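Remarks on the overall topology
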Amino acid sequence: QGSTSPSCAREPGEETSGTMASPSPTRNPTEVQMSQLVLPCHTNHRGELSTGQLLKWIDTAACLSAERHAGCPCVTASMDDIYFEHTISVGQVVNIKAKVNRAFNSSMEVGIQVSYEDLCSGKHCSICKAYATFVAQDPSGSKVRLKPLTPQTEEEKLEHSIAAERRRMRLVHKDTLKDLLIRSPRETELETRDGSAAVPAEKTRVESVELVLPPHANHQGNTFGGQIMAWMENVATIAASRLCHAHPTLQAIEMFHFRGPSQVGDRLVLKAIVNNSFKNSMEVGVCAEAYGQEMSVSRRHINSAFMTFVVLDQEGRPRSLPMVAPEPGEGERRYREASARKKIRLDRKYVVSCKQTEVPLSVPWDQSNKVYLSYNNVSALKTLIAKANWALAREKEKVRLYTLEEDKFLSFRIEVSVCIAADQAFSLLSDLRRRHEWDSHYASAELVQQVDDDDMIYHVVTQALSHENKPQDFVILASRRKPCSKGDPFVVAFRSVTLPTHPASTSFTRGETLCSGFCIWPESEEMSKVAYYNQATPGFLNYVTTNVAGLSSNFCATFEACEKFLLKNKEHLTVRL
C-alpha cells in the first residue's frame, strides 16, 4: 500500500553534483521534492500526462515524506479528494512537494502540492493540492507509535492545526452521505433530459485483472498505493468512455480509502461502472478486490473510489452527456448516492475549498453542509490564530489588545491570563446564552438548534448599535473543539449562517460575523490564557477607523468583565461537575 521510489525525489540535506545552493536551514525536515520530465511513455492519446501516472508520482513523494518522519516503512491509508485544475503535456516538468503536516498516534497527514513547469517559456502553474494519510508499520506489520511533529513556520503551524479538522471531516464523511440520502425525496431522483435516450449503466461496466509483480510493490512486498490508484483510474476511464463514446478527462477524485493490503503474487480485480451522469459530468464508481493463487479463497475488498469525468470539445468546454439508466436494486442505490455525492462535492468546494475572502458572510445551513460549515468555521479561526504579524495596540493591567491589518480586513485579539482551568473556561465561554452576563453588547442569545455535541446555532440579539437605531440580531453557528493532542488549545469558533426559520426581521438590523471566537491555552492546572479573536467585516471598518481609542478601551473593559465572570463562576461549575 505504501510506496517509495528514492531515485526520483530529493530530500532536505541531500547534495547533488553541480548544485551550489544549500537547503534553507528552516526547511521542514520531512519535506520531499520530486521533479519528473513528462515523456511520451507517460501520456495518453492526446499527449497529456495520464492521471494514473501522476497519482503514482504523488503517492511516491508522499510516502517518502511520511517515512522520513516515521523512520520506518509506511503504507497509504487514504487519499483525500483531488481536483485537477490543468492538464500537463509532453516535455513539461511535474514538480511535486510533499511534507508531513501532523502526526497523530500511528497515522500522519501528508500535504502534497503539484505544479507544472514549461521549460521553454518558464511558466509555472498549479495542478492540484492533495492530502494523504499514511500509517507507520514495523516489519511484522503492526502499527508504530509516531513521535509528535513540531511546526516551525506560520504556514506549518496553520496546516498542523487544521489537520485535526480535516481528520474529523474524514471520519464523519459516511454519516454525512447517509443523512443526505435519508432526507432526499426518492420520487424526484431519476433525472429526465429531453431529447436524449438513456444508456443502460450495464453497458459501461468494466472488469479487469492485474497480477501484482515485484516492480509494483515496495520493499515489504506490499503493492504501491499509487499503482493501485493508477489501475483504478484506467478502468474508470474505460467505463466513462463507454458512456460518451469519446475520450473523457478526469476532473476530480473522491477519497481513496485503502481497506487492507495486497502483496506480490496477488491478483487484483478492478471493477468500474458509471453510477450517474449529469448535464456535463459523470460519476464512475470503481473498486479493487484482491485474491491469491487459489480461486476458492474469497476476494478481499481493498479499495473504493468515485471519479468525476467530463468530455471537452475543441474549445475546451464540457459537452452534454447522455443519461444513464440504472440497474434495478443496487444500480438505483448507486444512482441516488451519486446525486448525493455531487451535492456534497459542491457544498465542500463552495464552503471548504475556496479562500476565506471568497466565502459569503452568511452561508445557508442545512444537514448536507453542516460538516463543512463547521470545518470552515473552526479552520477560519485557526487561520487567524496562526497569523504572525499581530501588533500590540494597548495593554491595561493584565489585558492585552492586538490588531492585525491584512487586505481589506482588520482583526482584533484580546487576551488575558486567568486563574481558571482551561476546560472550565471552555465550558463557560462556549455557551452564548451566558454571554450577556459579561458582555454588555449582548441582550440575549437563544439556542435555536443543537446540531451535535460540538456545534450549536444561536439567535443573538445585541443592543442598539445600527445606524437605524435598531437592535442588531445575528444567526450564529458556534463550533467547539477540545484539544486533539497535548499542547493543543480549546477552541470556540463563531460565524454567521442563514436559517429559513429565522429570516431577517424589520424589528432588527441583521448583522453578520465573518470570523470570531475564543482560544484557550492551559498554562497550568489552574491557570489559562484566554484569547478572543474578531475579524472585522468591511462594513465595520469605517466605524473602527473613527473610534480606535474608544473601541480599544471598550474591548479591554469587556474582557475585564469576562475575567470576573470566569472567576465568579468557576466554583459553581466545579460543584456541578
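Since we're looking at a predicted model, the values are computed, not measured.

Here's the deal with the pattern of salt bridges
For the structure shown, the criterion picks out 30 salt bridges. Note that K387 is salt-bridged to E406, the shortest N-O span being 3.4 Å. Here the residue K387 occupies a position in the loop between α6 (370-385) and β16 (391-396), and E406 occupies one in strand β17 (residues 399-406), the gap between them amounting to 19 residues. For E406, a relative accessible area of 32% translates into the label partly exposed.

Section: the pairing of strand β6 (residues 107-117)
Among the eleven residues in β6, eight count as buried, and that is most of the element. In the sheet, strand β5 (residues 93-103) pairs with β6 via ten bridges, with the strands oriented antiparallel. Considered in β6, the bridge of R102 is made with E109. The hairpin turn running from β5 into β6, its antiparallel successor, is three residues long. Following β6, the chain reverses through six residues before pairing antiparallel with strand β7 (residues 124-136); G122 in that reversal takes a positive phi of roughly 80 degrees.

Comments concerning the nonpolar core
With 73 residues, the main nonpolar core has M108, I112 and M282 as its most contacted residues. The element best represented in this core is helix α4 (residues 225-244), accounting for ten residues. Counting residues domain by domain, this core receives three or more from each of domain 1 (28-156) and domain 2 (196-225 + 247-356). The residues contacting I112, other than those within four sequence positions of it, are I58, A62, M79, I96, K97, A98, C128, K129, A130, Y131 and A132. Residues F412, A422, A478 and Y532 belong to the second largest nonpolar core, which totals 37 residues.

Here we look at the environment of V235
On the secondary structure map, V235 appears in helix α4. Here V235 falls in the buried class, since its relative accessible area comes to 1%. For the pair V235 and V206, spaced 29 residues apart in sequence, the C-alpha separation works out to 6.4 Å. For V235, the contacting residues outside a window of four places in its chain are V206, S208, L270, A272 and V286.

A look at a nonpolar patch on the surface
Taken together, L37, L39 and L119 make up a surface patch of nonpolar side chains, about 260 Å² in accessible area. Mapping L37 onto the fold places it in strand β2 (residues 32-37). The partly exposed category is assigned to L37, whose relative accessible area is 41%.

Here's the deal with the environment of R27
Structurally, R27 can be placed in the loop between β1 (9-10) and β2. Among the residues examined, R27 registers a relative accessible area of 23% and is labelled partly exposed. The sequence separation of R27 and T153 amounts to 126 residues, and the corresponding C-alpha distance is 9.0 Å.

Thoughts on the confidence of the model for the protein
Residue-level pLDDT values for the protein average 85, and 85% of them are 70 or greater. Confidence scores differ between elements of the protein, with helix α8 (residues 538-546) showing the lowest mean pLDDT of 46 and β5 the highest of 97. Note on residues 13-23: pLDDT is under 50 here. Beyond four places in sequence and across chains, it has two contacts.

As for the packing of helix α2 (residues 154-171) against α6
In helix packing, the relevant descriptors are the interaxial angle and the interaxial distance, both defined with respect to the helix axes. Packing of α2 against α6 leaves a shortest axis separation of 10 Å and a crossing angle of 170 degrees. By the angle between their directions, the pair α2 and α6 is classed as roughly antiparallel. Of α6, the residues touching α2 (which contributes L158, S161, I162, A164, E165, R166, R168 and M169) are V371, Y372, S374, Y375, V378, S379, K382 and T383. Its residues assigned to classes, the contact of α2 with α6 comprises eight nonpolar, four polar and four charged.

Overview of the pairing of strand β22 (residues 490-498)
Most of β22 is tucked away, with eight of its nine residues classed as buried. The pairing of strand β15 (residues 363-364) with β22 spans two bridges and is classified as parallel. Following the sheet pairing, P364 is matched in β22 by T498. The pairing of strand β21 (residues 471-481) with β22 spans six bridges and is classified as antiparallel. In the strand pairing of β22, S479 is matched with A493. Where β22 lies against strand β24 (residues 515-522), five bridges are found, and the strand directions are antiparallel. Bridge pairing links V492 to F518 in β24.

Regarding helix α1 (residues 51-70)
One turn of an α-helix holds 3.6 residues; hence residues three or four places apart share an orientation. Helix length check: α1, at 20 residues, gives a terminal C-alpha distance of 28 Å against a target of 28 Å (1.5 Å per residue), a fit within 8%. The buried count for α1 comes to 18 of 20 residues, which makes it a mostly enclosed element. Two residues or fewer after α1 comes G71, characterised by a positive phi angle close to 75 degrees.

Observations concerning α4
Between its terminal C-alpha atoms α4 stretches 29 Å, which fits the 28 Å expected from 20 residues at 1.5 Å a residue. Along α4, 15 of the 20 residues are buried, which leaves the element largely enclosed by surrounding structure. Just downstream of α4 lies H245, where phi reads positive at about 50 degrees.

As for the packing of α1 against α4
Contact geometry for α1 and α4: axes closest at 8 Å, N-to-C directions at 165 degrees. Here α4 runs roughly antiparallel to α1, going by the angle between their axes. Crossing hand, α1 versus α4: right-handed. Here T51, G52, L55, K56 and D59 of α1 come into contact with α4, specifically with G225, G226, Q227, M229, A230 and E233.

Quick notes on the rules
- Residues numbered from 1 in each chain as written.
- Predicted model: local features only at pLDDT ≥ 70, side-chain atom pairs only at ≥ 80, totals over all residues.
- Heavy atoms only, no water.
- Salt bridge = Lys/Arg side-chain N within 4 Å of Asp/Glu carboxyl O.
- Helix = DSSP H or I, 4+ residues; strand = E, 2+ residues; numbered from the N terminus.
- Buried < 20%, exposed > 50% of the residue type's maximum accessible area, 1.4 Å probe, protein only.
- Pairing = 2+ DSSP bridges.
- Core = buried A, V, L, I, M, F, W, Y, C linked by side-chain atoms within 4.5 Å.
- Domains from an automatic or database assignment.
- Contact = heavy atoms within 4.5 Å.
- Patch = residues over 30% accessible without salt bridge, like charges linked within 9 Å, V, L, I, M, F, W, Y side chains within 5 Å.
- Areas by Shrake-Rupley, 256 points an atom, 1.4 Å probe, with all protein chains shown as cover.
- pLDDT = per-residue confidence, 0-100.
- Axes fitted to C-alpha atoms, helices over the stretch in contact; angles between N-to-C directions.
- Parallel < 35°, antiparallel > 145°, perpendicular 65-115°, else oblique.
- Nonpolar A, V, L, I, M, F, W, Y, C, P; charged D, E, K, R; others polar.
- Expected span 1.5 Å × (residues − 1).
- Left-handed = near helix turned anticlockwise from the far one by under 90°.

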